[in-house]
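Tertiary structure, described
As a plain string of letters, each chain reads:
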Amino acid sequence: MTLAAEPTTPDTQTSKRIHHWIAGKPHASTSGRSAPVWNPATGEIQANVDLASVEEINYAIASAKIASVGWRATPLARRSEIMFKFRELLDANRQELAQIISLEHGKVPSDALGEIARGLENVEFACGVPHLLKGGFSEQVSRGVDVYSIRQPLGVVAGITPFNFPAMVPLWMIANAVACGNAFVLKPSEKDPSASLFIAELLQRAGLPDGVLTVIHGDKLAVDTILEHPDIAAVSFVGSTPIAKYIYETGTKNGKRVQALGGAKNHMLLLPDADVEMAADAAVSAAYGSAGERCMAISVVVAVGNVADPMIEALRSRLPKINVGPGTDKDAEMGPLITREHRDKVAGYLESGKVQGATLVVDGRDADIAKNKGFFLGVSLMDHVTADMDSYKDEIFGPVLQVVRVDTYEEGLKLINDNQYGNGTAIFTRDGGAARQFQFDVKVGMVGINVPIPVPVSYYSFGGWKASLFGDTHMYGPEGILFYTRGKVVSSRWPDPSTSKVDLGFPQNR
Ligand code: NAD
């Protein structure tokens, strides 16, 4: 969606207003612009979120810059202590944060708790920042000369995040960026902005100095102001591919370090020897969890040979058991989509798939819940999908699982490698040799072997290939530490008058 920067007026259905977080406190916008925040389960507007003006963003970045000076000088032990305290507060407040996420995003609280747990892992990783920032030291590289390397923070860095993980993705960035000694300016999704404010409050309670974390709500105007601001050293982005490409190109043109993660189309390659029941459980969990609004969701099963028919049957038998409903229903396993517009777009792919020759085994538009006022769509299953169909070519980002039938492993591999995206993939097989060959051959950044959603643990790094990532470093983990710091190498000699002389030759180590 392209966001407009024209003035908007707040919707009058609600008086609740969501503000920025600048210099350690809520900051009511004077921009006169706002965006509605929907409750996807009821189809009603539940709040209006401030959209920042250029002046407000400049003010926020200026306060972050001031804070970055003192924060950079804060001892590692203290930074680590604050991370530990934050970890404890996040852990203690999981339930409240899950409710906040569920209300604005629509995912059920149990799913929201899952994203919090994965975000918490990143905070735990960042607690070890003293170890992570250790440099190297070489003694006596020349007579009386030592050389050592250190890593220093960049200053003020920014993050722009998507709606689908309103806590986890900000935590991917904030934990490492702040622990490394940077001030961090977050521009979360305007669709579910409250989780980031809750995180900011917890970090403040943990002892983070004011201004080290800023939350600015906004649209394209905010993003462009960040991308052009001379005091922003680096930008981390997670979102759709067209915007990721734009962020990468604009940010790097303006001299910034950029990592921009984009969209996905994740294939499960199902070999004939696979355990079909286990693969069907995994595919259903990975396709419909969070209503398919996950960048690591399995959206295509590539069934090799005669495994396709039993797989379709195994999938079909599981779908009626999935309980779709609002997060307030404790039995619900899958919630609504984020907006009405997005729900209709996803439904459009069911129609286009049908017209272009796919078989709609289960059509989510027929589900009773799809007639609800909220933005619900039932789970959908499409068979006989081919690579030329729009539903295959585009990222759907909804509760739609497609099955493509191929004859051989090579044909399946080619399909995956030819796809524009390369975020995640999985192979389901009992054949270790085939799995190893797939791991070697496949042009995708994160691979699961009988694991449907291979999101790396926090001490590895997360990132796709091809149109799923623009930039050189993956996110969080060791590559996150590299991204948020720059190296310095020091060659050091302490005065020793007895060895001092003038020598115009290029320094050599003897
Ligand atoms: P989006 O690209 O619409 O928005 C992401 C961010 O960019 C938001 O903060 C939004 O305000 C901002 N934005 C939107 N339009 C903009 C514009 N024209 N100019 C500048 N900024 C703009 O993405 P979304 O709908 O919030 O999230 C879903 C997408 O994110 C999916 O494509 C999904 O695959 C992707 N995603 C990827 C990963 C990953 O790790 N690769 C993780 C989560 C989500």
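Let us look at the structure shown here. (Residues numbered from 1 in each chain as written. Predicted model: local features only at pLDDT ≥ 70, side-chain atom pairs only at ≥ 80, totals over all residues. Heavy atoms only, no water.)

1. Here we look at helix α9 (residues 241-253)
Compared with the 18 Å implied by 1.5 Å per residue over 13 residues, the 18 Å span of α9 between its first and last C-alpha is a close match. What α9 keeps buried is the set T241, A244, I247, T250 and G251. Two residues or fewer past α9, G255 is found with a positive phi of approximately 80°. (Helix = DSSP H or I, 4+ residues; strand = E, 2+ residues; numbered from the N terminus. Expected span 1.5 Å × (residues − 1). Buried < 20%, exposed > 50% of the residue type's maximum accessible area, 1.4 Å probe, protein only.)

2. Looking at the packing of aromatic side chains
Considering all chains together, one arrives at 8 aromatic pairs under this definition. Aromatic pair W38 and F375: ring centres 5.9 Å apart, planes at 70°, arrangement edge-to-face. Note that W38 is positioned in strand β4 (residues 34-39) and F375 in the loop between β15 (359-362) and β16 (380-383), a separation of 337 residues in sequence. Exposure remark for W38: the relative accessible area of 26% places this residue in the partly exposed category. A relative accessible area of 0% places F375 in the buried class. Every member of this aromatic cluster is reached through a ring pair, and the members are W172, F462 and Y476. Here the guanidinium or amino end of K265 rests over the ring plane of Y392, the centre of that ring lying 6.0 Å away. The cationic tip of R340 hangs over the ring face of W38; the distance from NZ or CZ to the ring centre is 6.0 Å. (Phe/Tyr/Trp six-rings, centres within 6.5 Å; stacked < 30°, edge-to-face > 60°. Lys NZ or Arg CZ within 6 Å of the ring centre and 35° of its normal.)

3. Looking at the pairing of strand β20 (residues 446-449)
Where burial is concerned, the two faces of β20 differ: the one with M446 and G448 is buried and the one with V447 and I449 is not. Pairing of strand β19 (residues 424-428) with β20 involves 4 bridges; the strand directions are parallel. Looking across to β20, one finds that G424 is bridged to M446. Between β19 and its parallel partner β20, the chain crosses via helix α15 (residues 432-441), and the hand of that crossover is right-handed. (Pairing = 2+ DSSP bridges. Right-handed = clockwise from strand over helix to strand, strands pointing away.)

4. Some words on the packing of helix α3 (residues 94-105) against helix α7 (residues 194-205)
The interhelical angle for the contact between α3 and α7, taken along N-to-C directions, is 160°, at an axis separation of 9 Å. By the angle between their directions, the pair α3 and α7 is classed as roughly antiparallel. In the crossing of α3 with α7, the sense of the turn from one axis to the other is right-handed. Note on element contacts: α7 touches α3 through S194, A195 and F198, opposite E96, L97, I100, I101 and E104. Split into classes, the residues belonging to the contact of α3 with α7 amount to 5 nonpolar, 1 polar and 2 charged. (Axes fitted to C-alpha atoms, helices over the stretch in contact; angles between N-to-C directions. Parallel < 35°, antiparallel > 145°, perpendicular 65-115°, else oblique. Left-handed = near helix turned anticlockwise from the far one by under 90°. Contact = heavy atoms within 4.5 Å. Nonpolar A, V, L, I, M, F, W, Y, C, P; charged D, E, K, R; others polar.)

5. Section: empty space enclosed by the protein
Evaluated as defined, the whole model comprises 2 cavities of 30 Å³ or more. By volume, the largest cavity is sized at about 120 Å³. The residue makeup of the lining of the largest cavity, split by class, is 8 nonpolar, 4 polar and 3 charged. One number sums up the size of the second largest cavity: a volume of about 60 Å³. Contributing to the lining of the second largest cavity are W21, G24, A200, L203, Q204, L208, P209, D210, G211, V212 and L213. When residues in the lining of the second largest cavity are grouped by element, the largest group, 3 residues, is from α7. Per-class residue counts for the lining of the second largest cavity are 7 nonpolar, 3 polar and 1 charged. (1 Å grid on protein atoms, 1.4 Å probe; cavity = no way out; pocket = protein on both sides within 12 Å on 5 of 7 lines; lining within 4 Å. Points joined across faces, edges and corners; volume = space filled by probe spheres on them.)

6. As for the environment of V307
Within the secondary structure, V307 is located in the loop between β14 (298-304) and α11 (308-318). In this structure V307 comes out as buried when scored by relative accessible area, which is 3%. Along the primary structure V307 and C127 are separated by 180 residues, whereas in three dimensions their C-alpha atoms are 46 Å apart.

7. Overview of the side chain of E293
Within the fold, E293 resides in the loop between α10 (276-288) and β14. Although E293 is buried, it forms no salt bridge, and the closest oppositely charged side chain is K107 at an N-O distance of 7.5 Å. If we skip the residues at most four places from it in the chain, E293 touches H105, F163, N164, P336, L337, I338, H342 and F397. (Lys, Arg positive; Asp, Glu negative; His and termini not counted. Salt bridge = Lys/Arg side-chain N within 4 Å of Asp/Glu carboxyl O.)

8. Overview of the site of the ligand
Near the ligand you find 28 residues, and of these K187, E190, S240, G262 and E395 are the closest. Interatomic distance of 2.8 Å between a backbone N/O atom of G262 and a nitrogen atom of the ligand. A distance of 2.5 Å separates an oxygen atom of the ligand from a polar side-chain atom of E395. Relative to its unbound accessible surface of 840 Å², the ligand loses 95% to contact with the protein. Of all the secondary-structure elements, those providing two or more residues to the shell around the ligand are α8 (220-228) and β11 (232-238). Residues belonging to the shell around the ligand are distributed by class as follows: 16 nonpolar, 8 polar and 4 charged. (Near = heavy atom within 4 Å. Polar contact = N/O pair within 3.5 Å; in protein donor to acceptor, adjacent residues only side chain to side chain. Areas by Shrake-Rupley, 256 points an atom, 1.4 Å probe, with all protein chains shown as cover.)

9. Some remarks on the pattern of salt bridges
The final tally for this structure, using the stated rule, is 26 salt bridges. Here R17 makes a salt bridge to D50, at a shortest N to O gap of 2.6 Å. Here R17, found in strand β1 (residues 17-18), pairs with D50, found in strand β5 (residues 44-50); they are 33 residues apart in sequence, far enough to count as distant. Owing to a relative accessible area of 31%, R17 belongs among the partly exposed residues under this scheme. The partner of R430 in a salt bridge is D275, and the shortest N-O contact between them spans 3.8 Å. You can see R430 sitting in the loop between β19 and α15 and its partner D275 sitting in the loop between β13 (266-270) and α10, a full 155 residues away along the chain. With relative accessibility at 60%, the residue R430 sits in the exposed group. According to the relative accessible area criterion, D275 is partly exposed, its value standing at 30%.

Any link to function would need more than the numbers given here.
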